[in-house]
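Breakdown of the fold
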Amino acid sequence: MQQIQLPNVALTFHSEECLKHTYRKNGQDVVKPIQKIVVNGEVVCPRCQVEEQTKELQQFESDRADRIEKLRRYNVLYKESLLSDETILTATFANYTATEREEIENKELMLQYRDRLRKGEQLNIILQGVTGAGKSHLCYALLKDLNEYDKNVEDPREKKTCLFINMEEMARLIRDSFRNKDSKYTENYLIELMIGVDYLVLDDLGSETGAIDTDKRATDFIQRVLYAVTNGRQGKTTLATFNLAGKTLYTLYDKKGLSRLMTGKNFVVFKETTDKRTGDLPF
Ligand SMILES: [Zn+2]
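Heads up: these notes are all about the structure in this document.

Rules and cut-offs
- Residues numbered from 1 in each chain as written.
- Predicted model: local features only at pLDDT ≥ 70, side-chain atom pairs only at ≥ 80, totals over all residues.
- Heavy atoms only, no water.
- Helix = DSSP H or I, 4+ residues; strand = E, 2+ residues; numbered from the N terminus.
- Buried < 20%, exposed > 50% of the residue type's maximum accessible area, 1.4 Å probe, protein only.
- Contact = heavy atoms within 4.5 Å.
- Areas by Shrake-Rupley, 256 points an atom, 1.4 Å probe, with all protein chains shown as cover.
- Salt bridge = Lys/Arg side-chain N within 4 Å of Asp/Glu carboxyl O.
- Axes fitted to C-alpha atoms, helices over the stretch in contact; angles between N-to-C directions.
- Parallel < 35°, antiparallel > 145°, perpendicular 65-115°, else oblique.
- Left-handed = near helix turned anticlockwise from the far one by under 90°.
- Pairing = 2+ DSSP bridges.
- Donors = N, O, S within 2.8 Å, 3.2 Å for Na, K, Ca; no water.
- Expected span 1.5 Å × (residues − 1).
- Bend = angle between axes of the 7 residues up to and from the residue.
- Polar contact = N/O pair within 3.5 Å; in protein donor to acceptor, adjacent residues only side chain to side chain.

Here's the deal with the overall build of the protein chain
- Per the secondary structure count, the protein chain includes eight helices and eleven strands.
- Looking at the protein chain as a whole, 42% of its 283 residues qualify as buried.
- Restricting the contact set of the protein chain to residue pairs at least 6 apart, pairs at least 24 apart contribute 74%.
- With the model as given, the accessible surface of the protein chain reaches about 16,600 Å², and the carbon-plus-sulfur share is 51%.

This is the structure:
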């Protein structure tokens, strides 16, 4: 019997043949017997071993690709969001201080929406009202919550993506891209980004117009962006916050785009809450 000596491996051919392997001949599968071998006292088919290893390697590669894709989706919130203020990054439901009645109710309402979104419902949610009530805080907290919630899904394509876009910052970047040709933040880039994600927050709608208490309309490119995004996101969950009265908002934007956002009538309204940022001075 033939014997091959490898370092630390005693390898001999065995009389048995493996009959699992075939090749195609004239349109038919023909069995190609493979001589088994004995490795360290164990009878194995070398061909089966190679196939097994290839499968393991492919599995490893595909698991790796899945992990990368899942991580990419998880990171959309942290890498692509446009913020006006970095402190929002620490916002959670837990650290939203709700002391006034309205805040307590609105936080509870947001938690209810969160539960519905977790179950896969599609909702548009509008947070409207006084500056500094924590509308952006609640929205960012919601996104973070949802982003963590499904981060361990098995299929990476089921991992939902979240994005927070401050309107003023977005307008600034698009305006900048008109002059700066190297900027990645073109109108089209941002439109595609905003349409593509599963959960989108449009933060501080109207702020980018600088039009508080004026009847100025939003600039053409903002109109285009809002129209394209609300059109492309039909059937997906979008949240929007704004300080302006709804009536004022309708004078700023194209009605069609805006009313798409308002469908569902899930409103979280702050009328009484004091501005947390400046504090409520007793004198
Ligand atoms: Zn085999």
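A few points about unusual backbone geometry
- In this model, N26 sits at a positive phi of 50 degrees, which is unusual for a non-glycine residue.
- Relative to the helices and strands, N26 is located in the loop between strand 3 (22-25) and strand 4 (28-31).

As for the pattern of salt bridges
- A full pass over the atoms with the stated rule returns 17 salt bridges.
- Among the ionic pairs, K36 bridges to E16, the shortest N-O distance being 3.4 Å. Of this pair, K36 sits in strand 5 (residues 34-39) while E16 is found in strand 2 (residues 9-18), placing the two residues 20 residues apart along the sequence.
- One salt-bridge network, in which partners are shared between bridges, spans R114, D115, R118 and D145.

Remarks on the packing of helix 5 (residues 187-196) against helix 6 (residues 220-232)
- The N-to-C vectors of helix 5 and helix 6 enclose an angle of 30 degrees; their axes lie 9 Å apart at closest approach. In terms of orientation, helix 5 and helix 6 fall into the roughly parallel class. Both helix 5 and helix 6 take part in a crossing whose hand is right-handed. Across from E187, I191, M194 and I195 in helix 5, the residues of helix 6 making contact are F221, R224, V225, A228, V229 and G232.

Thoughts on the pairing of strand 10 (residues 237-242)
- Strand 10 sits mainly inside the fold: six of its six residues count as buried.
- The two faces of strand 10 match: T237, L239 and T241 on one face and T238, A240 and F242 on the other face are all buried.
- As defined by bridge partners, strand 7 (residues 125-129) adjoins strand 10 across four bridges and the pair is classed as parallel. If you follow Q128 over to strand 10, its bridge partner there is F242.
- Bridge count between strand 9 (residues 199-203) and strand 10: four bridges; the pairing is parallel. Bridge pairing in strand 10 places L202 opposite A240.

Section: the sheet that holds strand 7
- Taken together, five strands build an open sheet; the order of strands is 8-9-10-7-11 and the sheet is parallel. Since the sheet does not close on itself, it has two edges, and those belong to strand 8 (162-166) and strand 11 (266-270), each with one partner. Each neighbouring strand pair of the sheet contributes to a mean axis angle of 10 degrees, computed without reference to strand direction.
- Along the sheet, helix 4 (residues 167-179) contacts strand 8 and strand 9; its crossing angle with strand 8, the most-contacted strand, is approximately 75 degrees.

Quick word on the coordination of the zinc ion
- Ligation of the zinc ion by protein atoms is provided by C18 (SG), H21 (NE2), C45 (SG) and C48 (SG), these donors lying 2.0 to 2.3 Å from the ion.
- The sequence motif formed by the donor residues of the zinc ion is C-x2-H-x23-C-x2-C. Of the two residues, H21 sits in the loop between strand 2 and strand 3 while C45 sits in the loop between strand 6 (42-44) and helix 1 (46-80), which places them 24 residues apart along the sequence. For the pair shown, H21 and C45 are each scored as buried.

Examining helix 1
- For helix 1, built from 35 residues, the straight-helix expectation of 51 Å at 1.5 Å per residue is met to within 8% by its first-to-last C-alpha distance of 49 Å.
- For helix 1, the principal kink sits at Y74 and spans about 40 degrees.
- Of the residues making up helix 1, those classed as buried are K70, R73, Y74, N75, V76, L77 and E80.
- Close packing links the buried residues of helix 1 with helix 3 (135-149), strand 8 and helix 5.

What to know about helix 4
- Between its terminal C-alpha atoms helix 4 stretches 19 Å, which fits the 18 Å expected from 13 residues at 1.5 Å a residue.
- Buried residues of helix 4: M167, E169, M170, A171, L173, I174 and S177, and no others.
- At its buried positions, helix 4 is contacted by strand 8, helix 5, strand 9 and helix 6.

Here we look at the environment of D198
- Tracing the sequence through the fold places D198 in the loop between helix 5 and strand 9.
- Overall, the relative accessible area of 22% leaves D198 in the partly exposed class.
- Considering only alpha carbons, one finds D198 and L163, 35 residues apart in sequence, at a separation of 8.2 Å.
- Excluding its chain neighbours within four sequence positions, the residues that come into contact with D198 are R73, K159, K160, T161, R233, K236 and T237.
- A polar contact is formed between the side chain of D198 and the backbone nitrogen of T161, at a distance of 2.8 Å.

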